[in-house]
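Residue-level listing of the chains:
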Amino acid sequence: MAHVNENYLNLQGSYLFATIAHKVADYKKAHPDADIISLGIGDVTLPLAPAIIEAMHKAVDEMGQKETFRGYGPEQGYDFLRQAIIKGDYEPLGITIADDEVFVSDGAKSDVGNIQELFSEDNIIAITDPVYPVYLDSNVMGGRTGKAVDGIFEKVVYLPCSAENNFSPAFPKEHVDIVYLCCPNNPTGTVLSRKRLSEWIQYCKDNDAILMFDSAYESFISSQDTVHSIYELPDARQVAIEFRSFSKTAGFTGVRCAYTVVPKEVSAKTKDGKRQPLNPLWNRRQCTKFNGVPYITQRAAEAVYTPEGRKQTRENIAYYKENARIIREGLESIGLTVYGGVDAPYIWLQTPKGKTSWDMFDILLEQANIVSTPGSGFGPCGEGYLRLTSFGSRENTIRAVERIKKLSF
Ligand code: PLP
């Protein structure tokens, strides 16, 4: 008889987006003519840049010719893309990364979810609250969290992030082995300062912990006081694994391409106290369970680093950032308190006094026909906040803000 992995039974239902969909469907049924605008989506809407499309077409043609056809590629990614990543993302920051420290993948979601396989079940993980749910759920599946009581997992260390601590979590009081930080942050749209990130690196060194640094929104950064890569900071190579993605940088959410950097210095202990580097383990994991990203996709990702690709993808990011500014300043102009939206496509709205996240969601849906995401869906400390995104069209963003400005709270 096959036995099920009972860790899966500890997963908490993900009711957030299902509940939102139900509420919106019910509202539409009752108000068929309602002109609903979504500021809830976490997905890009602008098409791929022309330089990327051109590279994809060329790669498609190569696949149609006997001489240039490609079958299985390297599991870690083609050299041309690994080198383009190093030259384009790291060398300008003065960071040295070796080719075999870069692992090209089909998404940061897969990588942040799969990386926990390298660690034994008794590791204690720390996640921020609110959080991008994949860090937590993948560890629930891995048996590292224990059971949930009222939605809180007994073995997980939660690091509260709210306006009170400027969305910069305090160090855990108890020992932890793995820390997940997302900067720029989904859902709060905020960043951690260089100083604080340096302190986190020191914390990880002092406590023999690994830092999982998710920087999927790096291309939205405009503030000086944060990092584009964790390896800008001294000693990060000893403790940090970095996750990056072309999804939001270049509109690849449907194309699928990302990469993870595992420096050769990052190691964890065996039970008998020996240090085991993680790079060869991740390489082995990928070679065993992953057969690489399609050639066409990798050529598309390579095109992001060409002068035209850079220019065009930056224009798209600028478009979303301008939407974020319009939302942020529009809400501030009517006295609402908002965070984020400067270095990220997310605006984290503090709900007016006495209103829960869902109260505010209902007000926006019913009185302004706007769909948002209740902060409480990302963790208990998200209560009292609402996430708005800048991925819509300019026209809809402006219309949505004008509608919110007419409401009184
Ligand atoms: N990390 C964070 C913080 C995200 O918000 C997302 C997507 O929304 C991802 C990773 C997933 O990125 P990808 O599309 O590369 O799987």
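Since the structure is predicted, the reported quantities are computational estimates derived from the model, not experimental observations.

Colleague: When you look at the domain arrangement of the chain in this model, what are you seeing that I'm missing?
Modeller: In many reports, interface size means the accessible area that the parts give up when they come together. When its domains are assigned, the chain resolves into domain 1 (13–47 + 308–405) and domain 2 (54–306). If you average the C-alpha positions of domain 1 and of domain 2, the two centres end up 26 Å apart. Opposite the 28 residues of domain 1 that make contact, domain 2 presents 35 residues. In total, domain 1 and domain 2 occlude about 2500 Å² of area from one another, counting both sides; carbon and sulfur atoms represent 59% of this. On the domain 1 side of the contact with domain 2, Arg310, Asp343 and Phe378 bury the most area, a combined 26% of that side's loss. For the pair domain 1 and domain 2, the interface holds 0 salt bridges. Our enumeration of links across domain 1 and domain 2 arrives at 17 residue pairs in polar contact (both at pLDDT 80 or more). Breaking the side of domain 1 that touches domain 2 down by element, the ones donating at least two residues are α11 (307–333), β13 (337–340), β14 (346–350) and β17 (385–389). Top element by residues in the side of domain 1 that touches domain 2 is α11. It accounts for 7 residues. Across the side of domain 1 that touches domain 2, the residue classes break down as 14 nonpolar, 8 polar and 6 charged.

Colleague: Sorry if this is basic, but what is going on with the sheet that holds β13 here?
Modeller: Whenever strands of a sheet pair, they do so through backbone hydrogen bonds, lying parallel or antiparallel. Here we have 4 strands laid out as an open sheet, ordered β13-β14-β17-β16, and antiparallel in their pairing. The open sheet terminates on both sides in strands that have one partner only, identified here as β13 and β16 (373–374). Here α11 sits on the sheet and contacts β13, β14 and β17; the angle it forms with β13, its principal contact strand, is near 155°.

Colleague: Is there a simple way to think about the site of the ligand in this case?
Modeller: Every one of the 14 residues lining the ligand counts as a neighbour, but Asp214, Tyr217, Ser245, Ser247 and Arg256 are closest to it. In the environment of the ligand, an oxygen atom lies 2.6 Å from a nitrogen or oxygen atom belonging to the side chain of Ser245. Between an oxygen atom of the ligand and a side-chain N or O atom of Lys248, the distance comes to 3.1 Å. Breaking the shell around the ligand down by element, the ones donating at least two residues are α4 (108–114) and α8 (246–250). Split into classes, the residues belonging to the shell around the ligand amount to 6 nonpolar, 4 polar and 4 charged.

Conventions used here
Each chain has its residues counted from 1, running along the sequence as written. Local features in this predicted model are restricted to residues whose pLDDT is 70 or higher, and side-chain atom pairs enter the listing and the counts only when it is 80 or higher, whereas totals over whole chains, interfaces and linings include all residues. For the side-chain quantities, the full set of heavy atoms in the structure was used; hydrogens and water were omitted. Boundaries between domains were set according to an automatic or database domain assignment. Note on definitions: a residue-residue contact is assigned when non-hydrogen atoms from the two residues lie within 4.5 Å. When two parts are put together, the accessible area they lose, computed with a 1.4 Å probe and summed over both, is reported as buried area. Between Lys or Arg on one side and Asp or Glu on the other, a salt bridge is scored when a side-chain nitrogen of the former is within 4 Å of a carboxyl oxygen of the latter. Residues adjacent in sequence count toward polar contacts only when both atoms are side-chain atoms; beyond that, a polar contact is any pair of N or O atoms within 3.5 Å, and within protein one must be able to donate a hydrogen and the other to accept it. Starting at the N terminus, helices and strands are each numbered in turn, a helix being any DSSP run of H or I of at least four residues and a strand any DSSP run of E of at least two. Residue classes follow a fixed rule: Ala, Val, Leu, Ile, Met, Phe, Trp, Tyr, Cys and Pro count as nonpolar, while Asp, Glu, Lys and Arg count as charged, and any other residue, Gly among them, counts as polar. Any two strands with at least two DSSP-identified bridges between them are counted as paired. Orientation is described by lines fitted to C-alpha atoms, with helices fitted over the stretch in contact, and by angles between N-to-C directions that extend from 0 to 180 degrees. One heavy atom within 4 Å of a molecule or strand is enough for the residue carrying it to be called near that molecule or strand.

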